[in-house]
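Breakdown of the fold
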Amino acid sequence: MIRRAGRVGGSGRAVVLFLAALLPLLAGAGQAQAAGYRYWSFWDLDGDRWTYATQGPSVARPADGDVQGFRFAVSEESDDSSQPRGAADFAGICAKTPAKDGSKRVALVIDFGTAEDAPSGETPPANRTACARVAPDASTAEALASVAEPLRYDNSALLCAIAGYPERGCGEQVSGTGTESGTGASAPGKETEGGSEKTGSPDSSASGESGDDGGPSLGLFAGVAVVALLGAAAFWQVRRRG
């Protein structure tokens, strides 16, 4: 007796339809894992290239002639953080601020980011540069305060706002679409020799505890395993009823 191939019985057809409906949901679940933090990142200019600062602004002690930058954006990790935009040249920024004995000059580039990265209901101010003339031992935070008040910090010394922007929020976690997905309780931070001061870089250990590190979650792997099992069951149904 010749068996006809390719005919799927009622049970097999139901399984196939279920798989077709389930796969887009699992794909969406994988994409939903991508999340980041909305925060001010801190940068040093090395030659003509921005490098992510290794110290927080309250600990860093820039030298006379240094250029440092701040950028407000949503980023997943410190190595993918958005860099400050625009001109970053000490001579140009500090051209109208002459050197003075007993002080140092630090050029600052402040990038308030884009409308896409702004908190809901807020508009980023125009980007600016400033030349801070401060005491020789002043920190970057002191230099920033001299030219861009008001600054706002949280109780863990995370820089929350420069020149009053943003008006609210501080290192809160957001979804891949830019909407808030957390309260900022596990806001990004970095340990420094100055203690637990936070600089605004995502803390991989904090995000890893919640499973929101941007990678596949345990639930996604479990879902893939279920799909594989159901697929095998559907194949068996087809073969049995063929």
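Here the structure is a predicted model, which is why all the values come from computation and not from measurement.

1. Let's talk about the overall build of the chain
Along the backbone of the chain there are 5 helices and 8 strands. Ordering the α and β elements of the chain from the N terminus gives α-β-β-β-α-β-β-α-β-β-β-α-α. For the chain, buried positions account for 40% of its 242 residues. Taking the contacts inside the chain whose residues are at least 6 apart along the sequence as the reference set, 66% of them involve residues at least 24 apart. Accessible surface for the chain amounts to roughly 13,000 Å². Of this, 54% is attributable to carbon and sulfur atoms.

2. Regarding the state of the cysteines
What the rule picks out here adds up to 2 disulfides. Residue cysteine 94 pairs covalently with cysteine 131 via a disulfide, S to S 2.0 Å. Handedness of the cysteine 94-cysteine 131 disulfide follows from its S-S torsion of about 100°: it is right-handed. Highlighted residues: cysteine 94 in the loop between helix H2 (90–93) and strand S4 (104–111) and cysteine 131 in strand S5 (residues 128–134), separated in sequence by 37 residues. Look at cysteine 94 and you get buried, because its relative accessible area is 3%. On the basis of relative accessible area, cysteine 131 is assigned to the buried category, the value being 13%. A sulfur-sulfur separation of 1.9 Å characterises the disulfide bridge that pairs cysteine 160 with cysteine 170. Judged by the torsion about the S-S bond (-70°), the cysteine 160/cysteine 170 disulfide is left-handed. Placement of cysteine 160 in strand S7 (residues 159–161) and of cysteine 170 in the loop between S7 and strand S8 (173–175) is noted, with a sequence separation of 10 residues between them. Accessibility expressed as a relative area gives 3% for cysteine 160, which makes it buried. Given the relative accessible area of 16%, cysteine 170 is considered buried.

3. Some thoughts on the nonpolar core
Grouped together as the largest cluster of nonpolar side chains are 20 residues, with contacts concentrated most on Trp40, Phe70, Leu108, Ile110, Leu144 and Ile162. Contributions of two or more residues to this core are made by strand S1 (35–46), strand S3 (67–75), S4, S5 and helix H3 (140–147). Ranked by residues supplied to this core, first place goes to S4 with 3 residues. In this structure, Tyr39, Trp43, Val67 and Val109 belong to the second largest nonpolar core, which totals 12 residues.

4. A short note on the pattern of salt bridges
Taken as a whole and judged by the stated rule, the model has 5 salt bridges. For arginine 85, the salt bridge goes to aspartate 111, with nearest N and O atoms at 2.7 Å. Remark: aspartate 111 occurs in strand S4 and arginine 85 occurs in the loop between S3 and H2; sequence separation between them is 26 residues. When the shortest N-O distance is used, the salt bridge between arginine 168 and glutamate 122 registers 3.2 Å.

5. Some details on unusual backbone geometry
A negative phi angle is the norm for most residues apart from glycine, just as the trans form is the norm for most peptide bonds. Here the residue pair glutamate 149 and proline 150 is connected by a cis peptide bond, since its omega of 0° sits within 30 degrees of zero. Structurally, the position occupied by proline 150 is in the loop between H3 and strand S6 (152–153). With an omega dihedral of -5°, the bond running from tyrosine 165 to proline 166 counts as a cis peptide bond. For proline 166, the position within the fold is in the loop between S7 and S8. For alanine 157, which is not glycine, the phi torsion reads 70° and is therefore positive. Along the chain, alanine 157 turns up in the loop between S6 and S7. At alanine 163, a residue that is not glycine, the phi angle is positive and equals roughly 55°.

What counts, and at which threshold
Residues numbered from 1 in each chain as written. Predicted model: local features only at pLDDT ≥ 70, side-chain atom pairs only at ≥ 80, totals over all residues. Heavy atoms only, no water. Helix = DSSP H or I, 4+ residues; strand = E, 2+ residues; numbered from the N terminus. Buried < 20%, exposed > 50% of the residue type's maximum accessible area, 1.4 Å probe, protein only. Contact = heavy atoms within 4.5 Å. Areas by Shrake-Rupley, 256 points an atom, 1.4 Å probe, with all protein chains shown as cover. Disulfide = S-S within 2.5 Å. Core = buried A, V, L, I, M, F, W, Y, C linked by side-chain atoms within 4.5 Å. Salt bridge = Lys/Arg side-chain N within 4 Å of Asp/Glu carboxyl O.

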